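# Observations on the model geometry
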Amino acid sequence: MRALWAMTWVELKLFVREPLTVLFVLVLPLVMLYVLNGVFDDQPDPSVWEGLPPIDFYTSAFVALAAATAGVLALPVHLAGYREQGVLRRFRASAVRPATLVSAHMAVTVFIATVGAILLTIMSAVVYDATLPQDWGGVIAAFAITAVSFAALGALLGFLLPTARAAQGLGVLLFFLFLMLGGSGPPTEILPDALARISEAIPATHAAQLLRGPWTGTGWDGTALLYVLAMLVICLALTAWQLRREGQS
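Values in this document were obtained by computation on a predicted structure and should not be read as measured data.

### Here we look at the layout of surface pockets
A volume near 500 Å³ is recorded for the largest pocket. In terms of lining residues, the largest pocket is bounded by 22 residues, among which Glu18, Thr21, Ala74, Val77 and His78 are the most central. Residue assignment for the lining of the largest pocket shows that the elements contributing at least two residues are helix H1 (2-16), helix H2 (19-39), helix H3 (54-84), helix H5 (98-127) and helix H7 (164-181). Residue contributions to the lining of the largest pocket peak at eight residues, all from H3. A class-by-class count of the residues in the lining of the largest pocket yields 13 nonpolar, seven polar and two charged. Empty space within the second largest pocket amounts to approximately 230 Å³.

As structure tokens, then:
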């Protein structure tokens, strides 16, 4: 446990020293929320946004996007870079297991996602008078599940992608996919049928739905919860398998 805490602290400092990554992960969702709030009227429309005021709908969606962004943009690049540079092989020759390094990266990812979520919530409430969560405990639990699940997805991508540059390219692509079709962009109700079906398969869509239930006081979405938990279990299992596979090679 001491090694994990020490490794987490080191990786957090390394993350903070990359201003472009911090800017993209923490600031860009805030900018996009500001843009969308300026585009759409603040009056609820029964035909879109589930009948909610746009800012209330988008706040929970962007909190989920903060977790997704931290997972697919920062973590895969670092892990793929470590594999590319042979860092994981050197860890296998030391007393620190590679699993400890992966866990530290996931912990940093969850922390960064939490900071982004807090900033988004404060901005929405203070600047746009958004409604605060009706069920704080449910929102915190839903966000924790979401953040860990996207961290697990990022860890898996870090092992599957061959280079840091490939991880960065895919991360940017996934970010814009999550932004435009994951509930943080145009309302699903106005999307063409093909794009709406794609939206239903995107993890960010289900993460936003998972958060929106306790946020608005309507309860948990069982389908969204199962989807996000399934992603978590599958990604953790595949990452553990990949760790063992590379350790035997």
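### Some details on the side chain of His78
Topologically, His78 is positioned in helix H3. Look past the residues within four positions of His78 in its chain and what remains in contact with it is Phe15, Glu18 and His105.

### Focus on a nonpolar patch on the surface
Judged by side-chain polarity, Leu20, Leu23, Val27, Val31, Tyr34 and Val35 come together as a nonpolar surface patch covering roughly 570 Å² of accessible area. Structurally, the position occupied by Val27 is in helix H2.

### Details of the packing of aromatic side chains
Where two aromatic rings form a pair, the distance of their centres and the angle of their planes describe that pair. For the structure shown, the criterion picks out four aromatic pairs. On the basis of an interplanar angle of 65 degrees and a centroid distance of 6.4 Å, the ring pair of Tyr58 and Phe62 is categorised as edge-to-face. Within this pair, Tyr58 and its partner Phe62 are both found in helix H3, separated by four residues, close to a single helical turn. When sorted by exposure, Tyr58 lands in the same class as Phe62, which is buried. Between Phe175 and Phe176, the ring centres sit 5.1 Å apart and the planes meet at 75 degrees, which makes this aromatic pair edge-to-face. Exposure remark for Phe176: the relative accessible area of 39% places this residue in the partly exposed category. Taken together, Phe57, Tyr58 and Phe62 form an aromatic cluster joined through their ring pairs. Just above the ring of Phe57 sits the side chain of Arg212; from NZ or CZ to the centre is 3.9 Å.

### As for the packing of H3 against helix H6 (residues 136-160)
As a packed pair, H3 and H6 sit with axes 7 Å apart at the nearest point and diverge in direction by 30 degrees. One way to sum up the angle between H3 and H6 is to call them roughly parallel. With respect to the hand of their crossing, H3 and H6 are arranged in right-handed fashion. For the pair formed by H3 and H6, the contact residues are Val63, Ala67, Ala68, Gly71, Val72, Leu75, Pro76, Leu79, Ala80 and Arg83 on the first element and Phe143, Thr146, Ala147, Phe150, Ala151, Leu153, Gly154, Ala155, Leu157, Gly158 and Phe159 on the second. Grouping the amino acids of the contact of H3 with H6 by side-chain chemistry returns 16 nonpolar, four polar and one charged.

### A closer look at the nonpolar core
Nonpolar side chains tend to gather and get buried jointly when the protein is soluble and globular. Core analysis: the biggest nonpolar cluster contains 80 residues, and Phe62, Phe143, Phe150 and Phe178 have the highest contact counts within it. At 20 residues, the largest contribution of residues to this core is made by H3. Ignoring any residue separated from it by four or fewer positions in sequence, one finds Phe143 in contact with Val63, Ala67, Ala113, Thr114, Ala117 and Leu211.

### Details of the packing of H3 against H5
At a closest axis distance of 9 Å, the pairing of H3 and H5 adopts a crossing angle of 155 degrees. In terms of orientation, H3 lies roughly antiparallel with respect to H5. Considering how the two elements wind past one another, H3 and H5 form a crossing that is right-handed. In this structure, H3 contributes Ile55, Thr59, Phe62, Val63, Ala66, Ala67, Ala70, Gly71, Leu75, His78, Leu79 and Tyr82 to the contact, and H5 contributes Leu101, Val102, His105, Met106, Thr109, Ala113, Gly116, Ala117, Leu120, Thr121 and Ser124. Residues that form the contact of H3 with H5 fall into these classes: 15 nonpolar, eight polar and no charged.

Here is what the cut-offs are and how they apply
Residues numbered from 1 in each chain as written. Predicted model: local features only at pLDDT ≥ 70, side-chain atom pairs only at ≥ 80, totals over all residues. Heavy atoms only, no water. 1 Å grid on protein atoms, 1.4 Å probe; cavity = no way out; pocket = protein on both sides within 12 Å on 5 of 7 lines; lining within 4 Å. Points joined across faces, edges and corners; volume = space filled by probe spheres on them. Helix = DSSP H or I, 4+ residues; strand = E, 2+ residues; numbered from the N terminus. Nonpolar A, V, L, I, M, F, W, Y, C, P; charged D, E, K, R; others polar. Contact = heavy atoms within 4.5 Å. Patch = residues over 30% accessible without salt bridge, like charges linked within 9 Å, V, L, I, M, F, W, Y side chains within 5 Å. Areas by Shrake-Rupley, 256 points an atom, 1.4 Å probe, with all protein chains shown as cover. Salt bridge = Lys/Arg side-chain N within 4 Å of Asp/Glu carboxyl O. Phe/Tyr/Trp six-rings, centres within 6.5 Å; stacked < 30°, edge-to-face > 60°. Buried < 20%, exposed > 50% of the residue type's maximum accessible area, 1.4 Å probe, protein only. Lys NZ or Arg CZ within 6 Å of the ring centre and 35° of its normal. Axes fitted to C-alpha atoms, helices over the stretch in contact; angles between N-to-C directions. Parallel < 35°, antiparallel > 145°, perpendicular 65-115°, else oblique. Left-handed = near helix turned anticlockwise from the far one by under 90°. Core = buried A, V, L, I, M, F, W, Y, C linked by side-chain atoms within 4.5 Å.

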